[in-house]
Amino acid sequence: MTTLNKKNYSNCAVIIPTYNERKTIVKTVRDVLASLPGCHIWVVDDNSPDGTSTHVKRFRSSHVTLLQRSSKNGRGSAVWHAMREVYKHTRYTRIIEMDADYSHDPHELPALVAASRDKTIAIGSRYIAGSRIEGWPLTRKILSAGANRLIRLVLRLPLHDATNGFRCYSREAVSVLLRRRMVSAGFVMLSESAYILYKQGYMFTEIPSHFVDRKKGLSNATPREFLDALVALLHIRRAYV
Ligand SMILES: Nc1nc2c(ncn2[C@@H]2O[C@H](COP(=O)(O)OP(=O)(O)OP(=O)(O)O)[C@@H](O)[C@H]2O)c(=O)[nH]1
Ligand SMILES: [Mg+2]
């Protein structure tokens, strides 16, 4: 028997960056609204050529806002842009980021929010007991697990998954991030934001997540990004001593 989630999540803003996600954005938005009743979704789209924004506009819900940028400028910058907008609204005490390709299951959101605290960032993790990665080829698994080990080593972050963008921050944690100018780009920006918060005394709690490789739409990840990430790690370590 499924129990209905009666809790009200009007204190939660959910940021969803999109680039060419017309095939999954509608289901993602619907399921987020159902999983976190009362929350507000902020989709930030970089003028996706596939018309993602048109699908978002169709919602006509007072709980969905579309932020449109004129050109593709990366996931990290899109989330940062949305955080700045969301932060203007003081009712949000919890600010969540997640992907639009359904790799992050909206049904895990209540657990993510429940695990977060003012000084603790909750992270949906692919690398702890109870987690699962579905659909990735072995090479991608090795690259991602290897990158995370390296990040742990170089940045000494107490985190198993520093590259998954499925997170719940407190309002004050977001204010810390908004005061910074990131030195990295690409998926490693997620490690940089974790590092900034760690250096400021924030903690992390990881909850097991069932990560599913995108089934629809095209990947925005490139092999070049992995190489750039290695160099970026050294910059990050130097930038925040
Ligand atoms: N606004 C915006 N969103 C982006 C951009 N690049 C990626 N995204 C979104 O960020 C999220 C993560 O991007 P993905 O392409 O899924 O990257 P990934 O998860 O590393 O790789 P795949 O799942 O294999 O594609 C998705 O919701 C994308 O639509 C961008 O330049 N601008
Ligand atoms: Mg993805």
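In the block above lies the structure referred to throughout.
The structure displayed is predicted, hence computed values, not measured ones.

Asker: Could you clarify how one ought to interpret the nonpolar core in this entry?
Answerer: As a rule of thumb, soluble globular proteins bury nonpolar side chains together. If you look at the biggest cluster of nonpolar residues, it comprises 42 residues, and the most contacted ones within it are Ile15, Met83, Ile121, Leu155, Leu157, Tyr169 and Leu197. Only β1 (12-18), β2 (40-45), α3 (75-87), β5 (120-125), α5 (138-155), α6 (171-178), α7 (189-199) and α8 (223-239) provide two or more residues apiece to this core. Residues Ile41, Ala100, Val113 and Ile207 belong to the second largest nonpolar core, which totals 24 residues.

Asker: What should I look at first to understand the pairing of strand β4 (residues 94-97) in this one?
Answerer: Every regular strand shows the same layout, with side chains that alternate between the two sheet faces. Residues Arg94 and Ile96 of β4 are buried on one face, and the alternating residues Ile95 and Glu97, pointing to the opposite face, are buried as well. The pairing of β1 with β4 spans 4 bridges and is classified as parallel. The residue of β4 that forms the bridge with Ile15 is Glu97. When β4 meets strand β7 (residues 167-170), the two strands line up antiparallel, connected through 4 bridges. Note that in β7 the partner of Ile95 across the bridge is Tyr169.

Asker: What's the story with the sheet that holds β1 in this structure? I'm lost.
Answerer: Backbone-to-backbone hydrogen bonds join strands into a sheet, with any given pair of strands oriented parallel or antiparallel. The mixed open sheet is built from 7 strands, whose spatial order is β3-β2-β1-β4-β7-β5-β8. In the strand order of this sheet, the two ends are held by β3 (64-68) and β8 (203-208), each with one partner. Across the sheet, the axes of successive neighbouring strands diverge by a mean angle of 20°, strand direction being ignored. The pairing of β2 with β3 spans 5 bridges and is parallel. When the sheet's bridge partners are listed, Ile41 is paired in β3 with Val64. Strands in contact with α3 are β1, β2, β3, β4 and β7; relative to β1, the strand with the most contacts, it is inclined by about 150°.

The rules behind each value
- Residues numbered from 1 in each chain as written.
- Chains lettered and ligands numbered in written order.
- Predicted model: local features only at pLDDT ≥ 70, side-chain atom pairs only at ≥ 80, totals over all residues.
- Heavy atoms only, no water.
- Core = buried A, V, L, I, M, F, W, Y, C linked by side-chain atoms within 4.5 Å.
- Buried < 20%, exposed > 50% of the residue type's maximum accessible area, 1.4 Å probe, protein only.
- Helix = DSSP H or I, 4+ residues; strand = E, 2+ residues; numbered from the N terminus.
- Pairing = 2+ DSSP bridges.
- Axes fitted to C-alpha atoms, helices over the stretch in contact; angles between N-to-C directions.
- Contact = heavy atoms within 4.5 Å.

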